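Structural characterization, general
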Amino acid sequence: MRKQRRKRAKKGEPQRITKAVTHIRLTETNPGKLAALDQLAHVFLPLVQQYVILFCSDEMPDAFSAPCFPTELSERWHRVAIQQAAGIAKSWRTNRASAYQSYLDELAEYREQEADGTLEEGVKEPAWHEWDVPTVREVCIQGNCNVIKLEPSTDSCFDYWLRVSTLDKGHPLLVPVKLADYHIEALTDPKTKQRRPINSSVTLNKRDEAWWLTLSYDELVQVQTLPDAPVIGIDVGIANFITTSDGKQYGTFNGKLRERQKRDREKRRRKAKLRKCLEKKGVPQEKLPSTSSATGQRLTRHVRQSINRAVNLCYAQHDGCQFAYEQLSVASMKFKARSMNAYMRASNLGHIPEQIAWNATKRGVAATRVRSAYSSQECSRCHDVDRKNRPNQQTFCCVVCQFTTHADRNASVNIAARLHDEELRACGSRAEVKALLLRRHEQWKQKFSLVVVQAPVQLGLWASSPTSTDVG
Ligand SMILES: [Zn+2]
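This write-up is about the structure you can find in this document. Nothing here was measured: the structure is a model prediction, and the numbers come from that model.

1. Quick word on the packing of helix H1 (residues 35–57) against helix H2 (residues 75–116)
Across the interface, H1 lies against H2 with an axial gap of 8 Å and an inter-helix angle of 45°. Judged on the interaxial angle alone, H2 and H1 are oblique. Of the two elements, H1 crosses H2, and the hand of that crossing is right-handed. Between H1, through Phe44, Leu47, Val48, Tyr51, Val52, Phe55 and Cys56, and H2, the contact on the second element is made entirely by Trp77, Ala81, Ile82, Gln84, Ala85, Ala86, Ile88, Ala89, Trp92 and Arg93. Here the contact of H1 with H2 is composed, by residue class, of 15 nonpolar, one polar and one charged.

Written as structure tokens, this is what we have:
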């Protein structure tokens, strides 16, 4: 019998979120005990790698696939290896497929600009580079209760015993688990003061010569948002991480972050120069200063923290609302991130929608992704779609109706309007989206020309001149 897989929560149903409690260090009570884990990993990981290759190339990932490689592991461990490989392969396949889709979008955008004659100088035709099959590098074992059992300890100073079956059949390894205070706090339900039910699957990692345990628990979060809650559209960007359709902005890459990034870039340039210089003088490779940048990594963390703060504040200030946000493709991220340094680009921009989704789930707020195609070029008033509506990065100025506003604000209003736009949702391609928007523009023009003819009479604009203080 196959286990029922966890279904994705439908609208209105509570969402199940899994939270991890990490960094529980496995204590070595007697030396050599954990060596059995090393031996296990030594056999387990190469087997996982074999299935990863299989599931990324010849077969679709399937956790229930029949075993097909020889191993000295037990049947149960073999199944765990297949499951872990299927998980890795599945996410690799999903990421690859979405990257490929982005490439196609990018190519379509390129062809469009080529046809319009608006290609910027030096822009090359996008190319697709096939992805490599992932390599299992980290020592990581995701075990279920068939191979690793977590048992409460009642007769010792430890919290749990971890019963791990090993290569030595019939002789499970018993590893004591001692929780720190903050682990206990995380595992205690603040309402009931009871220990939360811990999921039966656990993860073991080996880092810095030590073994670490990760436990997890599930939490149910009910979506609280009412269906008729006001809709806030969110536009994602660099100059402003978040712009909402009610005209608020949260977080920015400009200012301090940009300064830090510049300093970091300078530092790396100087290092690279020094390297070249030393290389010429014949200094051996291993003695050259490294080109990897610790400050760069710190900066990335810092950008992500700023994004998290911005997203949090946005939710806090829009209590009782529901959200619509962009389904960003890599192509549109690149477009938006043009002013940003290469290594900071798309990954950080992609972190914003991720955080929007995660915050919504955690808070029980409805947030829906909507199509982003042409949301930055469409006029939110008359629906004209034109690249020329964006004279520069910040400004939106419609070439037809002259509507002028901040470019991000215009996009966020479009995004809000797309939440209940079934017609747009049904569009298959970018071209269909564009055709639909231009049809709406035609309708707007017809309606508007009627208003223009009737307005002066209806509104009595001519009669208002006596009260006017305008003396020309
Ligand atoms: Zn317009």
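2. Description of unusual backbone geometry
Phi is positive for Glu209, which is not a glycine, with a value near 65°. Mapped onto the secondary structure, Glu209 falls in the loop between strand S6 (202–207) and strand S7 (210–221).

3. Observations regarding helix H8 (residues 407–417)
Summarising burial for H8: ten of the eleven residues are buried, a large majority. Those residues of H8 that fall on the buried side of the exposure criterion are Ala407, Asp408, Arg409, Asn410, Ala411, Ser412, Val413, Asn414, Ile415 and Ala416. Against the buried residues of H8 lie strand S8 (231–236), strand S9 (242–244), strand S11 (322–326), strand S12 (367–370), strand S13 (395–397) and strand S14 (404–406).

4. Remarks on the sheet that holds strand S3 (residues 148–152)
If you walk across this open sheet you meet the three strands as S3-S4-S5, and the pairing is antiparallel. Here the strands that pair on one side only, and so sit at the sheet edges, are S3 and strand S5 (173–177). On average, each strand axis in the sheet is tilted by 25° relative to the strand beside it, whichever way the strands run.

5. Details of H1
Compared with the 33 Å implied by 1.5 Å per residue over 23 residues, the 34 Å span of H1 between its first and last C-alpha is a close match. Among all positions of H1, only Leu37, Leu40, Phe44, Leu47, Val48, Tyr51, Val52, Leu54, Phe55 and Cys56 are buried.

6. A short note on the pairing of strand S4 (residues 160–164)
The side chains of a regular strand alternate between both faces of the sheet. A one-sided burial pattern is seen for S4, the buried positions being Tyr160, Leu162 and Val164 and the unburied ones Trp161 and Arg163. Of the strand pairs in this sheet, S3 and S4 are connected by five bridges, and their pairing is antiparallel. Residue pairing for S4: Pro152 is matched across the bridge by Tyr160. By the bridge criterion, five bridges tie S4 to S5 in an arrangement that is antiparallel. For Leu162, the partnering residue across the bridge sits in S5 and is Val175.

7. Quick look at the environment of Phe55
Structurally, Phe55 is set in helix H1. C-alpha separation for the pair Phe55 and Ala85, spaced 30 residues apart in sequence, amounts to 7.6 Å.

8. Topic: the sheet that holds S12
The strands making up a sheet associate through backbone hydrogen bonding, with each pair oriented either parallel or antiparallel. What the five strands build is an open sheet, ordered S10-S9-S8-S11-S12; its pairing is mixed. Each of the sheet's edge strands pairs with one partner strand only, and the pair in question is strand S10 (249–250) and S12. Bridge count for S8 against S11 is four bridges, and the pairing is parallel. Counted as the bridge partner of Ile234 is Tyr325 from S11. Lying over the sheet, H8 contacts S8, S9, S11 and S12, oriented at roughly 135° with respect to S8.

9. Some thoughts on the nonpolar core
Within the largest apolar cluster, 36 residues are counted, with the highest numbers of intra-cluster contacts made by Phe44, Tyr51, Val52, Phe55, Ala81, Ala85 and Leu213. At the level of secondary structure, the elements contributing two or more residues to this core comprise strand S1 (15–25), H1, H2, S4, S5, S6 and S7. At ten residues, the largest contribution of residues to this core is made by H1. Not counting residues within four places of it along the chain, the set of residues in contact with Ala81 comprises Phe44, Leu47, Val48, Tyr51 and Leu73. Within the second largest apolar cluster, 30 residues are counted, among which are Ile232, Val303, Phe323 and Ile415.

10. Quick notes on the environment of Ile82
Position of Ile82 relative to the elements: it lies in helix H2. Accessibility expressed as a C-beta count within 10 Å gives 25 for Ile82, which makes it buried. Sequence separation between Ile82 and Asp62 is 20 residues, and the spatial gap between their C-alpha atoms is 7.9 Å. Setting aside chain neighbours within four positions, we find Ile82 in contact with Tyr51, Ala63, Ser65 and Pro67.

About the cut-offs
Residues numbered from 1 in each chain as written. Predicted model: local features only at pLDDT ≥ 70, side-chain atom pairs only at ≥ 80, totals over all residues. Axes fitted to C-alpha atoms, helices over the stretch in contact; angles between N-to-C directions. Helix = DSSP H or I, 4+ residues; strand = E, 2+ residues; numbered from the N terminus. Parallel < 35°, antiparallel > 145°, perpendicular 65-115°, else oblique. Left-handed = near helix turned anticlockwise from the far one by under 90°. Contact = placed C-beta atoms within 7 Å. Nonpolar A, V, L, I, M, F, W, Y, C, P; charged D, E, K, R; others polar. Buried ≥ 20, exposed ≤ 12 C-beta atoms within 10 Å, placed from the backbone. Pairing = 2+ DSSP bridges. Expected span 1.5 Å × (residues − 1). Core = buried A, V, L, I, M, F, W, Y, C linked by C-beta atoms within 7 Å.

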